Amino acid sequence: MNPHTLIRGLLIGISMAGALSTTQRAEAEPTRPNILWITSEDNGPQLGCYGDTYADTPNIDALAAKSLRFQHCWSNAPVCAPARTTIISGMHATSLGGHHMRSGVRLPADVKLYPQVLREAGYYCTNHSKTDYNFANDDAGWQKGGGKSPWRSRPTEATPFMSVINFTVSHESQIRKRPHTLVHDPAKAPLPKYHPDTPEVRHDWAQYYDKLTEMDKMVGGVLKDLEADGLADSTIIFYYGDHGSGMPRSKRWPFDSGLRVPLLVHVPEQFRSLAPKNYMPGGESAQLVSFVDLAPTVISLAGVKPPANMQGVPFAGSFAGPAKPYLYGWRGRMDERIDMVRSCTDGRYVYMRHFYPERPYLKHVDYMFQTPTTRIWKQMFDEGKLNEDQAKFWQPKPVEELFDLQSDPDEVKNLAGDAAHADRVSMMRDAVHRWMIETGDMGMFPEAEMHRVVAEDQSPREFALNHPGLMTRLAETALDATDVDSDMSSEKAIELSADPEAVIRFWAVRGIGLRNATTPAAIQAVKRAMNDESPSVAIAACEAIQIIGGKAEQQAATERLLELANVETVGHFAAIEALNVIDMGAPLDAKLKQQIAALPRSLKKPPPRVGKYVGRLIDDMSVATP
C-alpha cells in the first residue's frame, strides 16, 4: 500500500473518531431545554385535575396527566403585583419593600432578575402580556415577542427560549362582568363556609368557574401551537395560577384560600434528569414550593447557578435544593387599606399572625366592593343576618390563628387557643419570627416611614442589610407590642415610645393603645408622640389616644389626624395611614365627613401607582359606604 494512502486513511479515521465522540457528547449532554410558563390570573386549584368535580377544565387536566402536580404551592402574596415581584426577583417582596399592592421601590444595583440571568445564558426571554411589578423601574429584561406563540420571534431555531404566556380571562374583574349567561349551574356551585348562600354569591362562583373553562381553552390553544411547531419534546412546561380566586377572602388574604395555587410541571423525556424529585407523569408531589422558588428553579433548569441574592430554593434542574419545612405568606396594604399579616404553612396547618388585630379582616376596598358577593356579604352583616363563620370576617381579628386544612379546609375554626396545639403554634410562631429577621422584612416599617428613612439613592433592601441589629430588635418589638399577652408591659411600651428609632416608637405607641394603658405616664407619652417628627408615629399616637384618652384628648387627636391626612403636606403614604385611622375611630358624623371631603385628594404629581388611593378613601369616608 502506498504509504501516503495509509497516512491519509489514518488521518481520516482519527477525524471520524473525533466527530463520533463529539456526537456522543452531544447525545450525552442534550441541548438546553426551552421553558414555557402558562399562567392564569386570580384562580386557585379549582380544576378537575385537583379533584374539583364542579370544574370543567379538560385541557389543563390532560396536561396534568403527563405532568407532576404539586399539592402545596403558595403564591407568597395573595394579590398580583407583590406575587409577581416575588417571582421575577426570586426574593420575598417583603425583603424588597415591594409587598404593598401598587408600589414602586428601588432595587439594589447588584440584584439580577431571572430574565436578565437567562438572557446572559443565551435564552430568548419573552412575557406575553403581564409584568406588573412593584419596582420603580419596570424594565425586567424581557425581549420583544408578542402574540400567542412568542417563541416564533426568537433569532434562530437553535436559540433556547423562556416564554411566559399569561391569561387574564379568569381575573377578579371578569367574575362580576355582566351580563353573563351562566354555563355552570349556580345551584351546584360549591360555596365556602364563610360566604352566605345567596343568588348573588352563587352567580359569582358559577361565573368564576365559567371563566376557568374559558381560560382552559386558551391553555389548550397554546399547547397545540407548541406541538404544531415541533417543540413539545424539547420544552419544559409550567402551568400555575397567580394567587387564589378573585372572590373576597381569597384574593388579598394570606389564608390558604388566598395563597394556594395549582402548579403543574411537565418535563419531556430527554430532560428527565432535570425534573423535580420523584417526578412521574401524572404523579403528585407533596413537596412545599412557592413563588419565591420559581426564579431560581427556572435558572437551575437552564444549567446556571442561581444568584446568591435569591432567597428561593430550586426544586428542579442542576442546582435543585432540599425540601423546605414551611412556606410563608404575607399581607400588606391592599389598595387603600392598611394591614399587616404574616402566615406560614407546613402543608396541613396554616398559622397566621395579625399585627393590626383591632382592625377587621375585611374593610371597604373600592375595587373589591365592585363584586356583588362583597356587597351582599357586607349588607347581610350590617343587617345581622350572618352566622358566626360568615360574620367573623367583618369583625376585629385575634392576634394568632391556626387552621387544620385536613378537617377545616375553609379555615374558619381557629385552633390557636387550643391547648392540644400549643406546641405547634409556638413552633410556627417562632418560624415566622425567624423568617422576618432572616429575610429583612421591611413590612415592619409603616410604608410612609420606610420611604422617609430610606435614602433616595438607596433601596429598602440595602437599608435592611445595613441595619441587621435594628431589624432583629424591630421584629421582637412589633411582635410583642401587638400581643397584649406577651412579656411587654405597659411600662416597657412607654419606655420604648421615647426610643431613638422612630419605627420602634411606632410599635411602642401602638402597644400602649392595644394595652389600654390609661396611666398618666402612658397618656403623657402618647400625647408627646402625637407631634413626633415621623408622621407614622404621630398617626399611631393619635390612634392610641382615641382609645385611652378623654373626650377632649380624643377630639384633639381627630384634629391632628385631619392635619396628617393632608396629602399636600405629608405625602400620599402618610395620608393613607391617617385616613385609615380616622375611619377606625369614632363614627363619622356629618361635620367630620365634611372635613374629610374638603381634604386634598392628590398631589399634582402623585407617586406612580398609588395616586388614586387617597381620593378613594375620601370618597368612601365622606359618603355612605355601599
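Here the structure is shown first, and the text comes after it.
Caption draft 1: Structural view of the overall build of the chain. Within the chain one finds 24 helices and 11 strands. Relative to the compact-globule value of 25 Å for 626 residues, the chain shows a C-alpha radius of gyration of 27 Å, a close match. Dimensions of the chain, computed from the C-alpha atoms along their principal axes, are close to 115 × 55 × 55 Å. Looking at the chain as a whole, 60% of its 626 residues qualify as buried. Intrachain contacts of the chain at a sequence separation of at least 6 include 72% that bridge at least 24 residues. Only carbon and sulfur atoms are counted for the fraction: they give 52% of the accessible area of the chain, which is about 25100 Å².

Caption draft 2: Layout of the sheet that holds strand β1 (residues 34-40). Strand order in the open sheet formed by seven strands is β3-β4-β1-β5-β6-β2-β7, and the pairing between neighbours is mixed. The sheet is open, and its two edges are formed by β3 (124-127) and β7 (284-290), each paired on a single side. The average angle at which neighbouring strand axes cross in this sheet is 20°, direction not considered. The pairing of β1 with strand β5 (residues 235-241) spans seven bridges and is parallel. What sits directly across from Asn 34, in β5, is Thr 235. Contacting β1, β4 (161-167), β5 and β7, helix α9 (residues 294-301) crosses the sheet at an angle of about 170° to β5.

Caption draft 3: The arrangement of unusual backbone geometry in detail. Look at the link from Arg 178 to Pro 179: it is a cis peptide, with omega at 5°. Within the secondary structure, Pro 179 sits in the loop between α6 (172-175) and α7 (199-228). In this structure, Asn 76 takes a positive phi of about 70° despite not being glycine. Its location among the elements puts Asn 76 in the loop between β2 (68-74) and α3 (80-89).

Caption draft 4: Looking closely at the environment of Gln 71. Within the fold, Gln 71 resides in strand β2. Through-space distance from the C-alpha of Gln 71 to that of Asp 42 is 18 Å; in sequence the pair is 29 residues apart. Once you skip the residues sitting within four places of it in the chain, Gln 71 turns out to touch Tyr 50, Arg 260, Glu 284 and Ser 285.

Caption draft 5: How the structure looks around the sheet that holds strand β9 (residues 341-345). Strand order in the open sheet formed by four strands is β8-β9-β10-β11, with antiparallel pairing between adjacent strands. Lying at the two open borders of the sheet, with one neighbouring strand each, are β8 (327-331) and β11 (400-404). This sheet shows a mean twist of 15° between the axes of neighbouring strands, independent of strand direction. Bridge analysis of strand β10 (residues 349-354) against β11 gives five bridges, and the strand direction is antiparallel. Bridging from a neighbouring strand, Arg 353 pairs with Glu 400 of β11.

Caption draft 6: Fine view of the packing of helix α19 (residues 535-548) against helix α20 (residues 551-564). Their axes nearest at 9 Å, the elements α19 and α20 cross at an angle of 150°. As judged from the angle between their axes, α19 and α20 are roughly antiparallel. Note on packing geometry: the crossing formed by α19 with α20 is left-handed. Counted together, Pro 535, Ala 538, Ile 539, Cys 542, Ile 545 and Gln 546 of α19 and Glu 553, Gln 554, Ala 557, Thr 558, Arg 560, Leu 561 and Leu 564 of α20 form the full contact between these two elements. In the contact of α19 with α20, the residues fall into eight nonpolar, three polar and two charged.

Caption draft 7: Spotlight on the nonpolar core. Residues Trp 37, Tyr 114, Met 162, Phe 238 and Leu 579 are the most contacted members of the largest nonpolar core, which totals 133 residues. With nine residues, the top contributor of residues to this core is α19. Setting aside residues up to four positions removed in sequence, Trp 37 forms contacts with Ile 87, Tyr 114, Met 162, Ser 163, Val 164, Ile 165, Phe 238, Tyr 240, Leu 294 and Val 298. Listed in part, the 59 residues of the second largest apolar core include Ile 165, Val 350, Met 352 and Leu 362.

Caption draft 8: Expanded view of the packing of aromatic side chains. For the coordinates displayed, the defined rule picks out 30 aromatic pairs. Plain terms: the ring middles of Tyr 208 and Tyr 209 are 5.5 Å apart, the flat faces sit at 80° to each other, and that makes the pair edge-to-face. Taken as a pair, Tyr 208 and Tyr 209 share a single burial class, namely buried. Three or more aromatic residues joined by ring pairs make a cluster, and in this case those are Tyr 194, Trp 253, Phe 255, Tyr 361, Phe 369, Trp 377, Phe 393, Trp 394 and Phe 403. The positively charged end of Arg 249 is found above the aromatic ring belonging to Tyr 194, 3.8 Å away from the centroid. One Lys or Arg, Arg 353, reaches over the ring of Phe 355 and ends 4.9 Å from the middle of that ring.

Caption draft 9: Structural detail: helix α22 (residues 572-584). Here α22 is 13 residues long and its end C-alpha atoms lie 19 Å apart, about the 18 Å a rise of 1.5 Å per residue gives. Buried within α22 we find His 572, Phe 573, Ala 574, Ala 575, Ile 576, Glu 577, Ala 578, Leu 579, Asn 580, Val 581, Ile 582 and Asp 583. As for α22, its buried residues are in contact with α13 (447-453), α19, α20, α21 (567-570), α23 (590-597) and α24 (613-622).

Caption draft 10: The pairing of β4, seen in detail. Across the seven residues of β4, seven count as buried, placing the element largely inside the fold. Both faces of β4 are covered, namely the face carrying Phe 161, Ser 163, Ile 165 and Phe 167 and the face carrying Met 162, Val 164 and Asn 166. In this sheet, β4 lies alongside β1 in parallel orientation, the contact comprising six bridges. Counterpart to Thr 39 in the pairing with β4 is Asn 166. Pairing analysis gives four bridges linking β3 to β4, with the strands arranged parallel. Its bridge partner lying in β4, Asn 127 is registered against Val 164.

Caption draft 11: Expanded view of the pattern of salt bridges. Counting across every chain of the model gives 46 salt bridges. Among the salt bridges present, the one from Asp 42 reaches Lys 251, with a minimum N-O distance of 3.0 Å. Residue Asp 42 is located in the loop between β1 and α2 (58-64), and its partner Lys 251 is located in the loop between β5 and α8 (256-259); the two are separated by 209 residues in the primary sequence. Of the two residues, Asp 42 and Lys 251, both sit in the buried class. Linking Lys 211 and Glu 214 is a salt bridge whose minimum nitrogen-to-oxygen distance equals 3.3 Å. With a gap of three residues between them, Lys 211 and Glu 214 both fall in helix α7, about one helical turn apart. Three or more residues joined by partner-sharing salt bridges are found here, namely Glu 41, Arg 84, Arg 102, Lys 130, Asp 132, Asp 242 and Arg 609.

Caption draft 12: A look at the side chain of Lys 392. Within the element layout of this structure, Lys 392 appears in the loop between α11 (388-391) and β11. Residue classification places Lys 392 among the buried residues on the basis of a relative accessible area of 14%. With residues up to four places along the chain from it excluded, the contact list for Lys 392 reads Tyr 361, Glu 401, Phe 403 and Val 412.

Analysis parameters
Residues numbered from 1 in each chain as written. Predicted model: local features only at pLDDT ≥ 70, side-chain atom pairs only at ≥ 80, totals over all residues. Heavy atoms only, no water. Helix = DSSP H or I, 4+ residues; strand = E, 2+ residues; numbered from the N terminus. Rg over C-alpha atoms; globule rule 2.2 N^0.38 Å. Buried < 20%, exposed > 50% of the residue type's maximum accessible area, 1.4 Å probe, protein only. Contact = heavy atoms within 4.5 Å. Areas by Shrake-Rupley, 256 points an atom, 1.4 Å probe, with all protein chains shown as cover. Pairing = 2+ DSSP bridges. Axes fitted to C-alpha atoms, helices over the stretch in contact; angles between N-to-C directions. Parallel < 35°, antiparallel > 145°, perpendicular 65-115°, else oblique. Left-handed = near helix turned anticlockwise from the far one by under 90°. Nonpolar A, V, L, I, M, F, W, Y, C, P; charged D, E, K, R; others polar. Core = buried A, V, L, I, M, F, W, Y, C linked by side-chain atoms within 4.5 Å. Phe/Tyr/Trp six-rings, centres within 6.5 Å; stacked < 30°, edge-to-face > 60°. Lys NZ or Arg CZ within 6 Å of the ring centre and 35° of its normal. Expected span 1.5 Å × (residues − 1). Salt bridge = Lys/Arg side-chain N within 4 Å of Asp/Glu carboxyl O.

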